[in-house]
Amino acid sequence: MSDEHDIDPHGEVSVDRIRLADEYAGESARHGAVASTDVAEYAMRLGDDALVLAQHLGDWISRAPELEEDVALGNIALDLIGHARSLLHYAGTDTGRSEDDLAYFRDEPDFRNAWLFEQPNGDFAHTIARGLVASVYLVELYAALTESTDLTLAAIAAKSAKEVDYHRDHAIQWTVRLAGGTEESRRRMIVGIGDTWPYVEELFRDDELVERLAAQGVAVLPSSLRAGFDAMIADVFAEAKLELPTGRHAYIAAGGGRQGKHTEHLGPLLAEMQVLARAHPGASW
Amino acid sequence: MVTARPSTSSATQARPLPIDPAARRAWDIAATVTDPEIPVLTIEDLGVLRSVEVEDGGAVHVELTPTYSGCPAMDAMRDDVVLALTHAGYADVDVKLVLAPAWTTDWMSEDGKQKLREYGIQAPTGHAAVRGGPVRVRMAVKCPRCNSLNTREIARFGSTSCKALYECLDCLEPFDYFKVL
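Per an unreviewed UniProt entry, chain B is named Phenylacetate-CoA oxygenase subunit PaaJ, and its organism is Agromyces bauzanensis.

**Student:** Looking at this structure, I do not really get the overall build of chain A. What am I missing?
**Tutor:** A count of helical and extended segments in chain A gives twelve helices and zero strands. Across chain A, helices and strands are ordered from the amino to the carboxyl terminus as α-α-α-α-α-α-α-α-α-α-α-α. Expressed as a percentage of its 285 residues, the buried residues of chain A come to 45%.

**Student:** Honestly, the sheet that holds strand β10 (residues 174-178) of chain B in this entry has me stumped. Any pointers?
**Tutor:** Each strand in a sheet pairs with another by means of backbone hydrogen bonds, the pair being arranged parallel or else antiparallel. Residues and elements named next belong to chain B. Taking strand neighbours across the sheet as the criterion, the four strands line up as β7-β10-β9-β8 in an open arrangement whose pairing is mixed. Looking along the sheet, the strands with just one partner apiece sit at the ends: β7 (121-122) and β8 (151-155). Here strand β9 (residues 163-168) pairs with β10 via five bridges, running antiparallel. Paired with Ala164 across the strands is Tyr177, a residue of β10.

**Student:** Sorry if this is basic, but what is going on with the UniProt feature "domain: MIP18 family-like" (unreviewed entry) in chain B here?
**Tutor:** Sequence positions flagged by UniProt for "domain: MIP18 family-like" (unreviewed entry) are, in local numbering, residues 32-88 of chain B. The span residues 32-88 of chain B shows a helical share of 33% and a strand share of 32%, and its end C-alpha atoms are spaced 12 Å apart.

**Student:** Help me out: how do you make sense of the environment of B:Thr32 in this one?
**Tutor:** You can see B:Thr32 is positioned in the loop between α1 (21-30) and β2 (34-35). Along the sequence, B:Thr32 and B:Thr65 sit 33 residues apart, while their C-alpha atoms lie 16 Å from each other.

**Student:** Explain the environment of B:Glu63 here, please?
**Tutor:** All names here are of chain B. Looking at where Glu63 falls in the secondary structure, it is placed in strand β5 (residues 60-64). Considered as a pair, Glu63 and Asp75 are twelve residues apart in the sequence and their alpha carbons are 13 Å apart. If we ignore the near neighbours within four places in the chain, the residues touching Glu63 are Arg50, Ser51, Lys96 and Val98.

Definitions and cut-offs
- Residues numbered from 1 in each chain as written.
- Chains lettered and ligands numbered in written order.
- Predicted model: local features only at pLDDT ≥ 70, side-chain atom pairs only at ≥ 80, totals over all residues.
- Helix = DSSP H or I, 4+ residues; strand = E, 2+ residues; numbered from the N terminus.
- Buried ≥ 20, exposed ≤ 12 C-beta atoms within 10 Å, placed from the backbone.
- Pairing = 2+ DSSP bridges.
- UniProt positions renumbered as here; feature names shortened; annotations may be inferred.
- Contact = placed C-beta atoms within 7 Å.

Printed below as a string of structure tokens:
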């Protein structure tokens, strides 16, 4: 216990002695909490939403319209990866799988994200439109989930709520800016919103699982979030002088992501995300 | 088991209670670990170090809380805590990351804020606000170099999760701002 200033963390002590088993212990390990099968399924839905969106956003790094947006979209992706890690870690406690097992070694039908999150980046306006819907929904979701009777979910929600609030600011600012910018930026924003809106409805769909969990105070009923979502979107659209899509854009996509049915966009995303881990299982660096 | 935990009063949120010497000694060692991306700040200054417990047998349990969910510096800080304590002679050290209560810039010490400013990063201004509607009202951010309030935000996201990028319209220097969370 000599002079603490002499400590060289990379000196004599081998990193082998670090107990990485506790790597992302979080609340679940602290309370010894193991998710039930229902709770694990619910956590997987939320974790997959975050993971898939983060993977898409990473594609923008070095390709965004300006350097600041490379940084912004990369930072948003990083927050989402953090949420996904916590949620998938918890989901894995039911079956003894790690967050990496769930991210890298599940196939497409085992992913539980809603269709919105797997829709392609498109142009920048499409990414902003998808980000707007996602972040307005996630702000409502995590605010409500903070009250969950499941302490682990409540803790993850309280942490995530602060971060998605900032993501929502980013999406709102760009929606207003693109809609009020040039004729071309406004045209693209309207197209982006039109192409995104068919995937809104699935986010607010209840099913037996969430009804069971909501009855115990664990989950938030997706349908209960719709009014808050609509009110916020109405405010943003009023500011941006935009209107809700009509005509061919007013249709509702079939959805089914929560049951493992996906659009053609998820497969290529997973292939890229998983290829390294599958080519070298167990590798670390 | 003895525990050193920050007191709950807001003025000393990031400070340990001066209680049992064993826990306090381990706390003081863990508290020397710095943020690899902002090396002037210790994890104690940041409010990231939440509790240190020392069992009668000498096993140490440390709790850290992440600043941002995906912050890659957390892994380095966790490893450095284990290494610092192991190096100081504790054979059995484990570190847990805890999410609740969620970290806030309110936990950053006044010392830490001063060190940040001297380093050229403006410290969080004001306290974490309870947010309501879509309209954000933000306080002016002071230039850490010339103290001018005549500054503007260049980008809402900066070089790390915790920062935004500003520029001073008087001394014309760009600077990082540690965002209120």
